[in-house]
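Letter by letter, the chains look like this.
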Amino acid sequence: LVCDLPRKPLGKALRDVYEYCMKGNITQSQQFKEAWQFLKLVSRYDLQAKTRQGLEDMRKVKELKTLVDTLEECLDKLGNLADEDVSCVSSPAVMSLSAALSAS
């Protein structure tokens with residue numbers, strides 16, 4: 001999921017991510033936080049493709065069945081977003097911005 005992110009904060013290969021995991025709590029590391037920021041910017045379609053690619057690898061490991069099931073559910077929900085109206089017009093941020101712009 002992170003091997004093709006800009007600046008490759010967690011490394012180029014799975015072994016690099018594994019090394020970070022073995023060093024301690026990876027979620028508290030600066031590299032993880034940077035990778036998470038880049039993943040937040042990835043389009044929904046790219047995120048779905050990356051997740052599917054990771055799922056293919058995880059399905060080979062029997063101990064990860066629960067995680068695979070959870071990720072498949074999340075992928076389904078992500079896919080269903082395309083069917084819904086995801087307009088941001090009614091979001092609080094857009095409403096306050098439009099109110100501020102109309103007031104000036």
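Just so you know, these numbers come straight off a predicted model, no measurement behind them.

Draft legend 1. Structural detail: helix α1 (residues 14-23). Of all 10 residues making up α1, only one are buried, and the element is barely covered by its neighbours. Just beyond α1, the residue with positive phi is Gly24, at close to 155°.

Draft legend 2. Geometry of the packing of helix α3 (residues 44-58) against helix α4 (residues 65-80). At their nearest, the axes of α3 and α4 sit 10 Å apart, and the two run at 160° to each other. As judged from the angle between their axes, α3 and α4 are roughly antiparallel. Read as a crossing pair, α3 and α4 show a hand that is left-handed. When α3 is examined against α4, the residues Arg44, Leu47, Gln48, Thr51, Arg52, Leu55 and Met58 are found in contact with a partner set consisting of Leu67, Val68, Leu71, Glu72, Leu75, Leu78 and Gly79.

Draft legend 3. Representation of the pattern of salt bridges within the structure. Here the structure, examined in full by the defined rule, presents seven salt bridges. For Asp4, the salt bridge is made with Lys50, and the minimal N-O distance between the two is 2.3 Å. Residue Asp4 is found in the segment before α1, and its partner Lys50 is found in helix α3; the two are separated by 46 residues along the sequence. Look at Lys50 and you get buried, because its relative accessible area is 12%. Two residues, Lys60 and Asp57, come together in a salt bridge whose shortest N-O distance is 4.0 Å. Take Lys60: its relative accessible area is 67%, and that puts it in the exposed class. The exposure class assigned to Asp57 is partly exposed, which follows from its relative accessible area of 47%. Among the charged side chains, a salt-bridge network with shared partners connects Glu56, Arg59 and Glu72.

Conventions adopted
Residues numbered from 1 in each chain as written. Predicted model: local features only at pLDDT ≥ 70, side-chain atom pairs only at ≥ 80, totals over all residues. Heavy atoms only, no water. Buried < 20%, exposed > 50% of the residue type's maximum accessible area, 1.4 Å probe, protein only. Helix = DSSP H or I, 4+ residues; strand = E, 2+ residues; numbered from the N terminus. Axes fitted to C-alpha atoms, helices over the stretch in contact; angles between N-to-C directions. Parallel < 35°, antiparallel > 145°, perpendicular 65-115°, else oblique. Left-handed = near helix turned anticlockwise from the far one by under 90°. Contact = heavy atoms within 4.5 Å. Salt bridge = Lys/Arg side-chain N within 4 Å of Asp/Glu carboxyl O.

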